[in-house]
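Below are the chains, spelled out letter by letter.
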Amino acid sequence: MTFMALPLPTATRALAAALAASSALALSAAGALAQDHDPDAVINIGSLYEPQNLDNTAGAGQGINEAFNGNVYEGLFVLTDDGDVEPRLAEDYTISEDGLVYTFTLKDGVTFHSGDPLTADDVKSSIERVVAENSASSRKRTLAVIEAIEVLDDRTLTVTLKSPSISLPYNLSYVWIVNDTAGDISASEDGTGPYVLREWRRGSALALVPFEGYWGDAPDNGGVMFQYFTDATAQNNALLTGAVDIITSVQSPDALSQFADNPDFTVSEGASTTKEIMAYNDRIAPFDDPMVRSALARAVDNEKLLNAIWGDYGTLIGSFVPPTDPWYVDLTDVNAYDPESARQMLAEAGYEDGFSFTLDTPDYDPHPIVAQFVQNELANVGVDVKINIITANEWYTKIYKAQDFEATLQEHVNHRDIVFYGNPDFYWGYDNPEVTRLIAESENVASIAEQTEMLTEANRIIAEDAASMWLYLYPQIVVSTSNVTGYPLNGLNSQFFVSDIKKAD
Amino acid sequence: MLAYILRRLLILLVSLFVAAVVLFVLLRLLPGDPAAALVGVGATPEQIAAAQAQIGSDRPLAVQFVAYLGDLARFDLGQSFVSRAPVLGEIGQRLGVTLPLTFAAFFLAMIIAVPLGILAAVRSDGWAGLTLSVVSQIGIAVPVFWLGILLVYQFSLTLRWLPSGGFPLRGYADPGRAVLSMVLPVLTIAIIMSASLMRYVRAAMLEVLNSDFLRTARALGESRNGALVRHGIRNAAVPVVSVLGIELATTFLGAVVVEQVFSLPGLGSMLLLGIQQRDYPNVQGVLIVSTLLVLLVGFVADIIQRLLDPRLREARR
């Protein structure tokens, strides 16, 4: 996956975190139904994200993470649905004093679907696949910090880094451990996960069945079938008619009404990692002045905007960091809606008569509506917004590559992407040396607590600087028939763990 | 006749060649680099160069063109940039959905349109003819996807008789579900198609009804219906067959929309996805195969027309 939803509308995906309330509800529901579920039931899952191939280093798209991460393939670590990083195929690991050498011990008794036992050589070749020359993995850059991988014995290996990287376990949660004899995995698989690929019919469906030799707990269902739709309406109809049991993400609020008040369905919401933002070009006047940016932030009523677009769904954010990132703090009070103070601040910054700017707006939902809303709100404080509609490709060349813009709208989908504010060359050109330092150094610290502390600090600074205008966080909505429970609500990084899904008789 | 078939076949091959050239040029004129699309947004220039080398888009256009024609001559449509699967194999699998859909809809449309069209012509002054004309006019005005949505609402969501979309994982190995999943799409196309077809049949029939030869046949003592069956239908069939050829081709291409409404894994969804992803081999393959099929339909329609109408055969002598 790329760092943000880009050219294709299909690449847009809300990744979400559970609201405490809804996840507690789902858990208690799962507990009540636990005895009644049918362990052989096949779960039909409707999805709009068909993988292009089955290799996550070969441009397969987010659909492959949804179907395969944690289900067919496992990593040394797993990013849980709550955003925690936990060991999976790693039994244990140690970090050298200088933070440069990680030593991993592998779990015993793990076998691949082909029957081969898991060895350290498989792990080495799997990491090498991700950083290889022709790899299209989104983790290639972050894992470029690896200098060498050395196999000590069948169950032990060391990874030596060029510079300390406290995020290594997190980044390794993206790396599938593939049998080193598997060869080309674009149409077949050989992983260690609880499910085996039984069949994939391109354009239609992908079926997984439980792996008999799985080292961990056996799945609570008799297999899953991902059914792929190209059209959201067709997907919703399939759920309404019982052809599928769950749909993994609802993209349009309009569609929800047919499920929300119907006892046959459960609508679950989480706060996602997809942020709708208005990014200024922070290099140029007047956006190089934090006072102006703060004033604009105070002039826009985000709550009203979110409500207009998503009704009761979605979450307000005070910065770029969503609640599932470890460095989240509630910053919605910083530069909260207050048009009166916005006018004052604009006057103080020397713009008592306002100013005008062009807002480059991608031509797909929800950006054009958001642009109009922002235009109205800013007109109230004397700022004139000219809306310029562009295509996704133009966005990429004009804004992302050439950085030729005043302000733009975009949705950023990733988990832990505050790091973009530490890169002064990024398209929005935010350059605060303190933030750059904090973000760079947070990677070299010795403990996750220190990393969290530093990034929390960076988070506060970007909020106070109003580096961009963070409008709202998309909701992540999963809808199921009410007899199905145990599915992940958050879908972080598009993952959809299916092993705990239960279907009542 | 044989000479005609051979000449017609030559025209078909030349048309296919021209289409292949046009396709090649058009796809390369499109903005956007497939290699850049393949490696994704944060890619470095080196990664893009590597991807270009991998898919061959770094070679001069002339070299690419010659390789492309060579491959085509051997029926090799290459490998998808994105899925890496052979294009021909995937087209074959998806034709298994699109062709049955097209032909079933086509025959159903004929079964509906031909008798009704004749009836509308014969009774053109009565209420039956008028009603049929109005209904067919409405049918032409209705967009095909809208009818699809209506049918889904009625037969899937309300009555729960038929699936609302999708195709079984095991395809025709699961015949019951495969057939059920085709019913609504076939109905959707057939209804829309029969509306326009009916109007052609009616027009052709009306012309025949007013013709001199029919009047002569009746003057020679044949009954109205007898004359119609012996002389009228065959004469009216000549223009209708040429229209049928065009209609069949249109149905095939129109299946793109219907496949989208019903989430069917046919050629249409392969084409749309290929365009989104700048997957040239897939797009090229689908278009070449579609072009070939449309040309073949025209070829067959021309031959049938000759067989029906001796005047066309005589004219060449």
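The written sequence of each chain sets the order in which its residues are numbered from 1. The lettering of chains begins at A and the numbering of ligands begins at 1, in the order of writing. Where totals are concerned, whole chains, interfaces and linings use all residues; where local detail is concerned, this predicted model gives features only for residues with pLDDT of at least 70, and gives and counts side-chain atom pairs only at 80 or more. Based on all heavy atoms of the structure, the side-chain values leave hydrogens and waters out of the count.

**Some thoughts on the overall build of chain B**
Then comes step 1: By the criteria applied, helices consist of DSSP H or I runs no shorter than four residues and strands consist of E runs no shorter than two, each listed in order from the N terminus. Summing up its helical and strand segments, chain B has 13 helices and zero strands in all.
Then comes step 2: In sequence order, the secondary structure elements of chain B are arranged as α-α-α-α-α-α-α-α-α-α-α-α-α.
Then comes step 3: Dimensions of chain B, computed from the C-alpha atoms along their principal axes, are close to 85 × 60 × 35 Å.
Then comes step 4: Relative to its full complement of 317 residues, chain B shows a buried share of 44%.
Then comes step 5: The criterion used for residue contact is that any of the two residues' heavy atoms lie within 4.5 Å. Of the contacts formed within chain B by residues at least 6 apart in sequence, a portion of 73% connects residues at least 24 apart.
Then comes step 6: Where accessible areas are quoted, they stem from the Shrake-Rupley method and a 1.4 Å probe; at the residue level, only the protein chains shown are allowed to cover. Surface accessibility of chain B: about 15,900 Å² in total, with carbon and sulfur atoms responsible for 70%.
Then comes step 7: The average position of the 24 basic charges and that of the 17 acidic charges among the side chains of chain B differ by 9 Å. The buried label goes to any residue with under 20% of its type's maximum accessible area, the exposed label to any with over 50%, and the partly exposed label to all in between, with areas taken from a 1.4 Å probe on protein chains only. Under the counting rule used here, the positive set is Lys and Arg, the negative set is Asp and Glu, and His together with the chain ends is not counted. Where a charge lies is defined by one atom per residue type, namely NZ (Lys), CZ (Arg), CG (Asp) and CD (Glu).

**Things to note about the sheet that holds strand β8 (residues 156-161) of chain A**
Residue and element names in this part refer to chain A.
Then comes step 1: Across the sheet, four strands lie side by side as β5-β6-β8-β7; this open sheet has antiparallel pairing. A single partner strand is all that each edge strand has here, and the edge strands are β5 (90-95) and β7 (146-153). Strand after strand, the sheet turns through a mean of 20 degrees between neighbouring axes, direction not considered.
Then comes step 2: Here β7 runs beside β8; their pairing, made up of six bridges, is antiparallel. Paired with Ile146 across the two strands is Leu161, which belongs to β8.
Then comes step 3: Orientation is described by axes fitted as lines to C-alpha atoms, over the contacting stretch for helices, and by angles from 0 to 180 degrees between their N-to-C directions. Taken strand by strand, helix α3 (residues 120-131) contacts β6 (101-106), β7 and β8, and its axis lies near 165 degrees from that of β7. When DSSP finds at least two bridges between two strands, those strands are taken to pair.

**Quick look at the environment of A:Pro253**
Then comes step 1: Note that A:Pro253 resides in the loop between β12 (246-247) and α6 (257-260).
Then comes step 2: Taking C-alpha positions, A:Pro253 is 17 Å from A:Glu411, a pair spaced 158 residues apart along the chain.

**A look at a nonpolar patch on the surface**
Then comes step 1: Each patch groups residues whose relative accessible area exceeds 30% and which form no salt bridge, using 9 Å between like charges and 5 Å between nonpolar side chains of Val, Leu, Ile, Met, Phe, Trp and Tyr. What makes a salt bridge here is a side-chain nitrogen of Lys or Arg within 4 Å of a carboxyl oxygen of Asp or Glu, nothing more. A cluster of nonpolar residues, B:Leu10, B:Val14, B:Phe17, B:Val18, B:Val22, B:Val25, B:Leu26 and B:Leu29, forms a patch on the protein surface that exposes about 750 Å² of accessible area.
Then comes step 2: Note that B:Phe17 resides in helix α1 (residues 2-29).

**Regarding the interface of chain A and chain B**
Then comes step 1: Of the residues lining the interface, 39 residues belong to chain A; the matching set on chain B comes to 33 residues.
Then comes step 2: Of the roughly 3,100 Å² buried between chain A and chain B on both sides combined, carbon and sulfur atoms contribute 50%.
Then comes step 3: Three residues, A:Gln52, A:Arg201 and A:Arg202, lead the burial of chain A against chain B; their summed loss comes to 22% of the area buried on that side.
Then comes step 4: N or O atoms closer than or at 3.5 Å make up a polar contact, with two conditions inside protein: a donor-capable atom paired with an acceptor-capable one, and, for residues adjacent in sequence, both atoms drawn from side chains. Joining chain A to chain B, the criterion identifies three residue pairs in polar contact (both at pLDDT 80 or more).
Then comes step 5: Every element with two or more residues in the side of chain A that touches chain B is listed here: β9 (195-201), β10 (205-210), α5 (232-240) and α11 (392-401) of chain A.
Then comes step 6: Classes in brief: Ala, Val, Leu, Ile, Met, Phe, Trp, Tyr, Cys and Pro nonpolar; Asp, Glu, Lys and Arg charged; the others, Gly included, polar. Looking at the side of chain A that touches chain B residue by residue, the classes come out as 17 nonpolar, 13 polar and nine charged. A simple way to read buried area is as the amount of 1.4 Å-probe accessible surface that goes missing from two parts once joined, with both sides added.

**Things to note about the pairing of strand β2 (residues 43-47) of chain A**
Residue and element names in this part refer to chain A.
Then comes step 1: β2 sits mainly inside the fold: five of its five residues count as buried.
Then comes step 2: Every second residue of β2 is oriented toward a common face, with Ile43, Ile45 and Ser47 on one face and Asn44 and Gly46 on the other, all of them buried.
Then comes step 3: Bridging between β2 and strand β11 (residues 224-228) involves five bridges; their strand directions are parallel. Looking at the pairing, Ile43 lines up with Val224 of β11.
Then comes step 4: Across two bridges, β2 lies against β12 in parallel orientation. Its bridge partner lying in β12, Gly46 is registered against Ile247.

**Side note on a negative patch on the surface**
Then comes step 1: Together, A:Asp116, A:Asp121, A:Asp153, A:Asp154 and A:Asp180 give the surface a local cluster of negative charge.
Then comes step 2: Within the fold, A:Asp154 resides in the loop between β7 and β8.

**Remarks on the packing of helix α5 (residues 87-122) of chain B against helix α10 (residues 224-261) of chain B**
Residue and element names in this part refer to chain B.
Then comes step 1: The geometry of α5 relative to α10 is characterised by a closest axis approach of 8 Å and an angle of 145 degrees between their N-to-C directions. Considering the relative orientation of α5 and α10, their crossing is right-handed. Residues Leu95, Thr98, Leu99, Leu101, Thr102, Phe103, Ala105, Phe106, Met110, Ile118 and Val122 of α5 lie in contact with α10, whose contacting residues are Arg224, Leu228, Ile233, Leu244, Leu248, Thr251, Phe252, Ala255 and Glu259.
Then comes step 2: Residue composition of the contact of α5 with α10, by class: 15 nonpolar, three polar and two charged. By definition, any crossing whose near helix is turned counterclockwise from its far helix by less than a right angle is left-handed, and any crossing with a clockwise turn is right-handed.

**A look at the pattern of salt bridges**
Then comes step 1: The tally for this structure, following the rule as stated, stands at 18 salt bridges over all chains.
Then comes step 2: A salt bridge links A:Lys503 to A:Asp245, with the shortest nitrogen-to-oxygen separation between them at 3.2 Å. With A:Lys503 in strand β19 (residues 502-503) and A:Asp245 in the loop between α5 and β12, this pair connects stretches of sequence that are 258 residues apart.
Then comes step 3: Among the residues examined, A:Asp245 registers a relative accessible area of 5% and is labelled buried.
Then comes step 4: Note that B:Asp174 is salt-bridged to B:Arg177, the shortest N-O span being 3.5 Å.

**Overview of the packing of α5(B) against helix α8 (residues 175-209) of chain B**
Residues and elements named next belong to chain B.
Then comes step 1: The contact between α5 and α8 brings their axes to 5 Å, and the two run at 35 degrees. Along this stretch, α5 crosses α8, giving a crossing that reads as right-handed.
Then comes step 2: In the contact of α5 with α8, the residues fall into 30 nonpolar, two polar and one charged.

**Focus on the nonpolar core**
If you look at soluble globular proteins, the nonpolar side chains tend to sit buried side by side.
Then comes step 1: The set of buried Ala, Val, Leu, Ile, Met, Phe, Trp, Tyr and Cys residues whose side-chain atoms join them within 4.5 Å is what this entry labels a nonpolar core. A:Met278, A:Leu296, A:Phe357, A:Leu378, A:Leu471, A:Tyr472 and A:Val479 are the most contacted members of the largest nonpolar core, which has 48 residues in total.
Then comes step 2: With six residues, strand β17 (residues 469-481) of chain A is the largest single contributor of residues to this core.
Then comes step 3: Each domain's limits were defined by an automated method or a database of domain assignments. Looking at this core, you find at least three residues from each of domain 1 (10-72 + 193-270 + 476-503) and domain 3 (275-473) of chain A.
Then comes step 4: When residues no more than four places from it in sequence are discounted, the contact partners of A:Leu471 are A:Glu276, A:Ile277, A:Met278, A:Val300, A:Asn302, A:Leu305, A:Leu316, A:Val370, A:Val374 and A:Leu409.
Then comes step 5: Core analysis: the next-biggest nonpolar cluster, separate from the first, contains 45 residues, B:Ile118, B:Met198, B:Met205 and B:Leu214 among them.

**Section: the pairing of β8(A)**
All names here are of chain A.
Then comes step 1: The element β8 is largely enclosed, with a buried count of five among its six residues.
Then comes step 2: With five bridges connecting them, β6 and β8 associate as antiparallel partners. Each bridged residue has a counterpart across the sheet, and for Thr105 the counterpart in β8 is Thr156.
Then comes step 3: Taking the residues that link successive antiparallel strands as the turn, the β7-β8 hairpin has two residues.

**Quick look at the side chain of A:Asp190**
Residue and element names in this part refer to chain A.
Then comes step 1: Relative to the elements of secondary structure, Asp190 occurs in the loop between α4 (168-172) and β9.
Then comes step 2: For the buried Asp190, no salt bridge is present, and the opposite-charge side chain at shortest range is Arg129, 11 Å distant.
Then comes step 3: A distance of 3.1 Å separates the side chain of Asp190 from the backbone nitrogen of His113, its partner in a polar contact.

**A look at the confidence of the model for chain A**
Then comes step 1: Mean pLDDT for chain A: 88, with 93% of residues reaching 70 or above.
Then comes step 2: Of the regions scoring below 50 in pLDDT, residues 1-34 of chain A engages in 106 contacts with residues more than four places distant in sequence or in other chains. By definition, pLDDT measures how confident the predictor is in each residue, and it falls between 0 and 100.

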